[in-house]
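# Breakdown of the fold
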Amino acid sequence: MAASAVVDIQNTFGAALILYFFNCTLLGMALMQLWAYYWYFRKSDPPLLKAFVTILVCLSCLQAVLCLHAFYWYFILNFGNVDNLHYNMWSINIQGGISTFVNYSVQLCYARRVYILSKNIILFVLIVAIGSIVIVVGYMYIAKEFELKQFSRYVSLTSIATLGLIALCLTDVLIATSMCWFLYRKRTGLARTDSVIMTLMSYSISTGLLTSLFDIATLISFLAAPSSLIAEAFYWMLDKCHVNALLAMLNSRHLLLEREAAKDSTTFYIASSIIDPRQKGNTQSTAPQSSGQPATSDTVQLPVMKDYTTCTLDHTTEPGLDIEQ
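Residues numbered from 1 in each chain as written. Predicted model: local features only at pLDDT ≥ 70, side-chain atom pairs only at ≥ 80, totals over all residues. Heavy atoms only, no water.

Here the focus is unusual backbone geometry. With the exception of glycine, the majority of residues adopt a negative phi angle, and the majority of peptide bonds are in the trans configuration. The backbone of lysine 119 sits at a positive phi, close to 60°, despite the residue not being glycine. Mapped onto the elements of the fold, lysine 119 is located in the loop between helix H3 (90–118) and helix H4 (121–148). One non-glycine residue, lysine 149, lies in positive phi territory at about 70°. Position of lysine 149 relative to the elements: it lies in the loop between H4 and helix H5 (158–184). (Helix = DSSP H or I, 4+ residues; strand = E, 2+ residues; numbered from the N terminus.)

What follows is the structure, given as structure tokens:
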């Protein structure tokens, strides 16, 4: 490309820089949530789960560092060299691959969670299949970026990018709606149990809505300006959204614990089973028996992020309930 060609700096690196600040904000939230996760569950959760979330956060940090490296290369090492602004570089391309891998990993985690809740193998395979389209198309897009080299040629990648982003959004929506539907079917009629179920549904909706909005924003920005870096910058934030959604779901167990523990005659226990989901926590009722009438225990087991959330509700007037997943 000729050196005299004009670069729209506002719609390329200017937009990417502004969105990078939001990217760092989301990364800071993920780091805070990781710290909270280790604070509350460092002893109870299995090493495999802790390693999984730690690796995802570390990859998100690496993606942010690569983005910073790209800005440093363009604006410090090549300051005043306008020709370089037309070309992508390896750190911009590679960080897209990191984001794709993190997104796919989190979606696989959610897919297994849906399977534990529903026992529907067809739905599980469908979610994994659509998610696999995302990672395959994503790495095809990255390979094309290395081949094309110039941002102005990204318009030829419209069909690939559209397919990948639609599949990504569809996967997030399918996971959120599936979780809400199967949780809704688990209602028991007990006020406290249904309250926990509604809380889990609200978490599923909020996290699924967050990631879906960023998916849609990335798709719209790419279709509107494929040669700019706006869509790229939105995509860089998607992995932070997915990691934050995963950590928020894991840390929500502590909030449910505190809320249920504050209620009279209620014990709330969370048993992790990331390695073997068939493991179930056992809780014993600690409510004293009333004179002349034995107390019964209402036990409801609900999977929360590959874990079984076991609520033991002690009542003397309601029959026992045991929902096996």
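Once you've had a look at it, read on.
What follows covers the nonpolar core. Among the nonpolar cores identified, the biggest contains 70 residues, and Val53 and Tyr74 are the most heavily contacted of them. The set of elements that each furnish at least two residues to this core consists of helix H1 (10–41), helix H2 (47–77), H3, H4, H5, helix H6 (191–224) and helix H7 (230–261). Looking at this core element by element, the count peaks at 14 residues for H7. Beyond its immediate chain neighbours, meaning those up to four positions away, valine 53 contacts Leu34, Tyr37, Leu246, Leu247 and Leu250. (Core = buried A, V, L, I, M, F, W, Y, C linked by side-chain atoms within 4.5 Å. Buried < 20%, exposed > 50% of the residue type's maximum accessible area, 1.4 Å probe, protein only. Contact = heavy atoms within 4.5 Å.)

Within the secondary structure layout, alanine 64 lies in helix H2. According to the relative accessible area criterion, alanine 64 is buried, its value standing at 5%. The spatial distance from the C-alpha of alanine 64 to the C-alpha of leucine 27 is 8.1 Å, given a sequence separation of 37 residues. Excluding its chain neighbours within four sequence positions, the residues that come into contact with alanine 64 are Tyr20 and Leu27.

Take the packing of aromatic side chains next. Within the structure shown, the criterion is met by 13 aromatic pairs. Aromatic side chains tyrosine 37 and tyrosine 38 sit 5.7 Å apart centroid to centroid with 80° between the ring planes, which places their arrangement in the edge-to-face category. Its relative accessible area of 0% is what places tyrosine 37 among the buried residues. On the accessibility criterion, tyrosine 38 (30% relative accessible area) is partly exposed. A connected cluster of aromatic rings, assembled from ring pairs, spans Phe13, Tyr20, Phe71, Trp73, Tyr74 and Phe75. Lying across the ring of tryptophan 39, arginine 42 places its NZ or CZ 5.3 Å from the centre. (Phe/Tyr/Trp six-rings, centres within 6.5 Å; stacked < 30°, edge-to-face > 60°. Lys NZ or Arg CZ within 6 Å of the ring centre and 35° of its normal.)

What follows deals with the pattern of salt bridges. If you walk through the whole model with that rule in mind, you get two salt bridges. Across the pair lysine 144 and glutamate 147 runs a salt bridge whose closest N-O atoms are separated by 3.8 Å. Of the two residues, lysine 144 and glutamate 147 are both situated in helix H4; the distance of three residues between them amounts to about one turn of the helix. Note on lysine 144: relative accessible area 33%, which makes it partly exposed. By relative accessible area, which is 53% here, glutamate 147 ends up exposed. Between aspartate 239 and lysine 240 there is a salt bridge, with the nearest N and O atoms lying 3.2 Å from each other. Lysine 240 shares its class with aspartate 239; the two are buried. (Salt bridge = Lys/Arg side-chain N within 4 Å of Asp/Glu carboxyl O.)

On the surface, Ile9, Tyr72, Phe75, Ile76 and Leu77 cluster together into a nonpolar patch covering about 470 Å² of accessible area. Checked against the element boundaries, isoleucine 76 lands in helix H2. (Patch = residues over 30% accessible without salt bridge, like charges linked within 9 Å, V, L, I, M, F, W, Y side chains within 5 Å. Areas by Shrake-Rupley, 256 points an atom, 1.4 Å probe, with all protein chains shown as cover.)

The subject of this paragraph is the packing of H4 against H5. Two elements in contact, H4 and H5, have axes whose closest approach is 8 Å; the angle formed by their N-to-C orientations is 155°. In terms of axis orientation, H4 runs roughly antiparallel to H5. Judged by the twist between their axes, the crossing of H4 over H5 is left-handed. Contact with H4, carried on its side by Leu123, Leu126, Ile127, Ile130, Gly131, Ile133, Val134, Val137, Tyr141 and Lys144, involves Ile160, Ala161, Leu163, Gly164, Ala167, Leu168, Leu170, Thr171, Leu174, Ile175, Ser178 and Phe182 of H5 and no other residues of that element. By residue class, the composition of the contact of H4 with H5 is 17 nonpolar, four polar and one charged. (Axes fitted to C-alpha atoms, helices over the stretch in contact; angles between N-to-C directions. Parallel < 35°, antiparallel > 145°, perpendicular 65-115°, else oblique. Left-handed = near helix turned anticlockwise from the far one by under 90°. Nonpolar A, V, L, I, M, F, W, Y, C, P; charged D, E, K, R; others polar.)

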